[in-house]
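Chain residues, written in single-letter form:
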Amino acid sequence: MDGIHTTTLYPKVFRHILDALEEEELAYSAKITCIKEDYIRKSELPVIIYAPSAIAVKYVTNAAKVMKKVLKEFHVDKKIFFKPDVFTIKGIYSGKASHKSYIYIF
């Protein structure tokens, strides 16, 4: 998922996304950075939501819809990117690779 910033908004949006995913029985695994320097240095911070499988298209789509709804509630208009773990394992990151670092965009 694309980044969100501000020291107060970031953890609050994350908590609301988790709650909404739990309500829809889509909670699987998620994380945000806890590095305080990132809150200051970076203009945007990612919310990372894991999926049980890269080919679980229905799960990814439903989770993205929930995430978009929460972002809208916080007046955050960001695209959501889905990157399979194999891209991370192979070192494929945005801005670093010669090709896209994601396979779905919402």
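Above this text you will find the structure in question.
Just so you know, these numbers come straight off a predicted model, no measurement behind them.

Draft legend 1. A look at the overall build of the chain. A count of helical and extended segments in the chain gives 4 helices and 4 strands. Of the regular secondary structure in the chain, the N- to C-terminal order runs α-β-α-β-α-β-α-β. Residues classed as buried in the chain amount to 31% of the 106 residues present. Of the contacts made within the chain by residues no fewer than 6 positions apart, 56% connect residues no fewer than 24 positions apart. When the accessible surface of the chain is summed, it comes to about 7,100 Å², and 56% of that surface belongs to carbon and sulfur atoms.

Draft legend 2. Structural context of the layout of surface pockets. Computed from the structure, the second largest pocket encloses a volume of approximately 170 Å³. Those elements giving two or more residues to the lining of the second largest pocket turn out to be α1 (9-23) and α3 (57-73). The dominant element in the lining of the second largest pocket, judged by the number of residues it contributes, is α3, at 5 residues. Residue composition of the lining of the second largest pocket, grouped by class: 3 nonpolar, 1 polar and 6 charged.

Draft legend 3. Highlighting unusual backbone geometry. At E25, a position not held by glycine, the phi torsion is positive, near 55 degrees. For E25, a relative accessible area of 74% translates into the label exposed. The backbone of H75 sits at a positive phi, close to 60 degrees, despite the residue not being glycine. Assignment of secondary structure puts H75 in the loop between α3 and β3 (81-82).

Draft legend 4. Here's a closer look at the nonpolar core. Membership of the largest hydrophobic core comes to 24 residues, with the highest contact counts inside it found for I17, L21, V47 and I49. For this core, the element with the most residues is α3, which contributes 8 residues.

Conventions we followed
Residues numbered from 1 in each chain as written. Predicted model: local features only at pLDDT ≥ 70, side-chain atom pairs only at ≥ 80, totals over all residues. Heavy atoms only, no water. Helix = DSSP H or I, 4+ residues; strand = E, 2+ residues; numbered from the N terminus. Buried < 20%, exposed > 50% of the residue type's maximum accessible area, 1.4 Å probe, protein only. Contact = heavy atoms within 4.5 Å. Areas by Shrake-Rupley, 256 points an atom, 1.4 Å probe, with all protein chains shown as cover. 1 Å grid on protein atoms, 1.4 Å probe; cavity = no way out; pocket = protein on both sides within 12 Å on 5 of 7 lines; lining within 4 Å. Points joined across faces, edges and corners; volume = space filled by probe spheres on them. Nonpolar A, V, L, I, M, F, W, Y, C, P; charged D, E, K, R; others polar. Core = buried A, V, L, I, M, F, W, Y, C linked by side-chain atoms within 4.5 Å.

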